[in-house]
Amino acid sequence: MLRLPDHWVWDSWPTRDDEGVDHLFFLRASRALHEPDRRHRRASVGHARSTDLTNWELLPDALVTADSPAWDDGATWTGSVVRADDGSWRMFYTGVSRGDDWLVQRVGVAESDDLMTWRRRGDGPVAVADPRWYETLASGAWFDEAWRDPWVFRHDDGIWHMLVTARSIDGDPATRSVIGHATSTDLDTWEVRPPLSAPAGWGQMEVPQTVVVDGQPFLLFCCWGEHLSPKRQEQATGGMWFVPGETLVGPWDFDAAGTLDHPSLYAARLIERGPGDWVIVGFSDKVDGEFQGEILDPLPVVRDGQALRLV
């Protein structure tokens, strides 16, 4: 477990270095704020590493908010880390600004040679919500402009793909979340494309991940009950959702969507600890109404046909 006595810890994203050590980047904010809901506007990106995903060595923070004025001078939120062709590491992350009252989300990138020291790459975001397909704050349909939690990977087509938490311009405003999409050939220039899904009963599809488990592609994301349609509320046994698909970029069978049966696990990522040995690592949200703010020990996961389940 990763629990900090003076900071809450929540969304996290992993990567593995050349020595096989797992690094975890995570959102953190001081417990001195007292009210957990205040943490979002004070979030920075922490860093820890582990050889067993259970015992963690805390390292210096990876990224903090930029000096004002800047597009990410409000907070730095959830992202993902990949290895570029030049050998450097790239962290794609969510940024929000004070000038937008923390309400407009954009995606930027930082780089590192060693996973330890990070520097912003460029002066602005690399991807923003395109109003041709995605809901913006100006619509007034939602409380923020969703374009966050970038999950970046190279697909079989050789193209880099970015999946983001986004919302469609169509559908019931309460449940019009979709998987946003952008592509790149070099990790620097990104083209925002139409969403990879249609609204299907979620108001937010947070922290998306796509992964192949025992030959079956899955989309994972998280959403609690207050942002679900009645149908999805009936299905839910937890906040972590899975959806089987044909490839890592869909199409996905949302009729076969389900949840992992855990009362507090949220914003979790599937990690292949060893060949065929899958675990999920995420934070504990609320237990008996009280926010926990700590990374849980890895939970074993197996594929059961078109579904995933905790062992």
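For clarity, every value in this text was computed on a predicted model and none was experimentally measured. (Residues numbered from 1 in each chain as written. Predicted model: local features only at pLDDT ≥ 70, side-chain atom pairs only at ≥ 80, totals over all residues. Heavy atoms only, no water.)

Our next topic: the overall build of the protein chain. A tally of regular secondary structure across the protein chain gives 1 helix and 21 strands. Taking 311 residues into account, the globule formula puts the C-alpha radius of gyration at 19 Å, and the protein chain, at 18 Å, falls close to it. Along the three orthogonal principal directions, the C-alpha set of the protein chain runs to about 45 × 45 × 45 Å. Expressed as a percentage of its 311 residues, the buried residues of the protein chain come to 58%. Taking contacts inside the protein chain between residues at least 6 apart in sequence as the whole, the part at least 24 apart equals 51%. With the model as given, the accessible surface of the protein chain reaches about 12800 Å², and the carbon-plus-sulfur share is 48%. Taken as two groups, the 29 positive and 50 negative side-chain charges of the protein chain have centres that lie 2 Å from each other. (Helix = DSSP H or I, 4+ residues; strand = E, 2+ residues; numbered from the N terminus. Rg over C-alpha atoms; globule rule 2.2 N^0.38 Å. Buried < 20%, exposed > 50% of the residue type's maximum accessible area, 1.4 Å probe, protein only. Contact = heavy atoms within 4.5 Å. Areas by Shrake-Rupley, 256 points an atom, 1.4 Å probe, with all protein chains shown as cover. Lys, Arg positive; Asp, Glu negative; His and termini not counted. Charge placed at Lys NZ, Arg CZ, Asp CG, Glu CD.)

What follows deals with the sheet that holds strand S10 (residues 160-167). Reading across the sheet, the 4 strands line up as S9-S10-S11-S12 and stay open at both edges, with antiparallel pairing between neighbours. Each edge of the open sheet carries a strand with a single partner, namely strand S9 (147-154) and strand S12 (191-193). Each strand axis lies, on average, 25° off the axis of its neighbour in the sheet, ignoring direction. Pairing analysis gives 8 bridges linking S10 to strand S11 (residues 177-184), with the strands arranged antiparallel. Counterpart to His 161 in the pairing with S11 is Thr 183. (Pairing = 2+ DSSP bridges. Axes fitted to C-alpha atoms, helices over the stretch in contact; angles between N-to-C directions.)

As a further point, take the side chain of Ser 177. Looking at the element boundaries, Ser 177 is found in strand S11. In terms of polar contacts, Ser 177 uses its side chain to reach the backbone carbonyl oxygen of Ala 166, at 3.1 Å. For Ser 177, the residues in contact, after removing those within four places along its chain, are Ala 166, Arg 167, Ala 198, Pro 199, Ala 200, Trp 202, Gly 203, Gln 204 and Met 205. (Polar contact = N/O pair within 3.5 Å; in protein donor to acceptor, adjacent residues only side chain to side chain.)

No statement about biological role is implied by the geometric values presented.
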